[in-house]
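Each chain, written out:
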Amino acid sequence: MNQTWHYVHTFNGDSSWFGGVRSIAVNPSHQIIACGSDDNTIRLWNLSDGKPITCQLEHTKSVRSIIFTPKGNGLISGGDDATIKIWDLRTFQELATLNNHSKSVTALAIIPKDNLIVSASDDNTLKIFSLKDIKEVATLKGHSSYIQSVAVSPDNKLIASGSWYS
């Protein structure tokens, strides 16, 4: 592999008690970068010029996880407020808030083929939500501690998750 990597830009924002960014995502068309922070906000930047996109996307506590929808016109965020928020990036409006977890939402993944969200939480569960119906369709249990990461296989047939060891 002869790919060359190089620095492009540093995006600066306000810092809070941890000093910053907890999650980051790039939209599918590579035009926007989103950052979820400990100051409860989600900030967006235009990747072509590095300038911030003015909008107000917030949780009531730190934003721990963030992903774009497959088409890139929506954003999904999870936070220490135990909520998952679905945002419309055309209007910068909150479309829905899911309150199904009892503790922090630490990681998110999408199963694009089925239009599903997978969320991981400090409540030791994974939850699957329909993006179409905006409702929970399954709860997966098996971890004995905080779940910190989740991923979906490229063929959409497997969900992998990682947790603290207890």
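Structural data are supplied above this passage.
Residues numbered from 1 in each chain as written. Predicted model: local features only at pLDDT ≥ 70, side-chain atom pairs only at ≥ 80, totals over all residues. Heavy atoms only, no water.

K.L.:
Is there a simple way to explain the sheet that holds strand β9 (residues 105-111) in this structure?
P.N.:
Strand pairing within a sheet occurs via backbone hydrogen bonds; the two strands may be parallel or antiparallel. Read from one edge of the open sheet, 4 strands run β9-β10-β11-β12, paired in antiparallel fashion. Sheet topology places β9 and β12 (135-141) at the edges, where each strand pairs with a single neighbour. Here the average twist between neighbouring strands, direction ignored, is 20 degrees. Pairing between strand β11 (residues 125-130) and β12: 6 bridges, direction antiparallel. Each bridged residue has a counterpart across the sheet, and for Ile 128 the counterpart in β12 is Ala 138. (Pairing = 2+ DSSP bridges. Helix = DSSP H or I, 4+ residues; strand = E, 2+ residues; numbered from the N terminus. Axes fitted to C-alpha atoms, helices over the stretch in contact; angles between N-to-C directions.)

K.L.:
Just checking my understanding: could you explain the pattern of salt bridges for this structure?
P.N.:
Charged atoms that come close allow side chains of opposite charge to pair. Under the definition given, this model contains 7 salt bridges. Two residues, Arg 90 and Asp 88, come together in a salt bridge whose shortest N-O distance is 3.2 Å. Its relative accessible area of 10% is what places Asp 88 among the buried residues. By sharing partners, the salt bridges in this structure join Arg 64, Asp 80 and Asp 122 into a single network. (Salt bridge = Lys/Arg side-chain N within 4 Å of Asp/Glu carboxyl O. Buried < 20%, exposed > 50% of the residue type's maximum accessible area, 1.4 Å probe, protein only.)

K.L.:
Just to check I follow, could you spell out unusual backbone geometry for this structure?
P.N.:
Excluding glycine, residues mostly carry a negative phi; peptide bonds, for their part, are mostly trans. Phi at Asn 40 takes a positive value of approximately 75 degrees, unusual for a residue other than glycine. The phi dihedral of Asn 156 is positive, around 65 degrees, even though this residue is not glycine.

K.L.:
It is not clear to me how the side chain of Asn 156 should be interpreted in this structure. Could you clarify?
P.N.:
Looking at the secondary structure, you find Asn 156 in the loop between β13 (147-152) and β14 (159-163). We classify Asn 156 as buried; its relative accessible area is 18%. When residues no more than four places from it in sequence are discounted, the contact partners of Asn 156 are Ile 111, Pro 112 and Lys 113. (Contact = heavy atoms within 4.5 Å.)

K.L.:
Would you take a moment to explain the sheet that holds strand β8 (residues 93-98) for this structure?
P.N.:
The strand order β5-β6-β7-β8 describes an open sheet built from 4 strands, whose pairing is antiparallel. One side of each edge strand has no neighbouring strand; the edge strands of this open sheet are β5 (63-68) and β8. Strand-to-strand twist across the sheet, computed as the mean angle between neighbouring axes with direction ignored, equals 20 degrees. Of the strand pairs in this sheet, strand β6 (residues 74-79) and strand β7 (residues 84-88) are connected by 5 bridges, and their pairing is antiparallel. Looking at the pairing, Ile 76 lines up with Ile 86 of β7.

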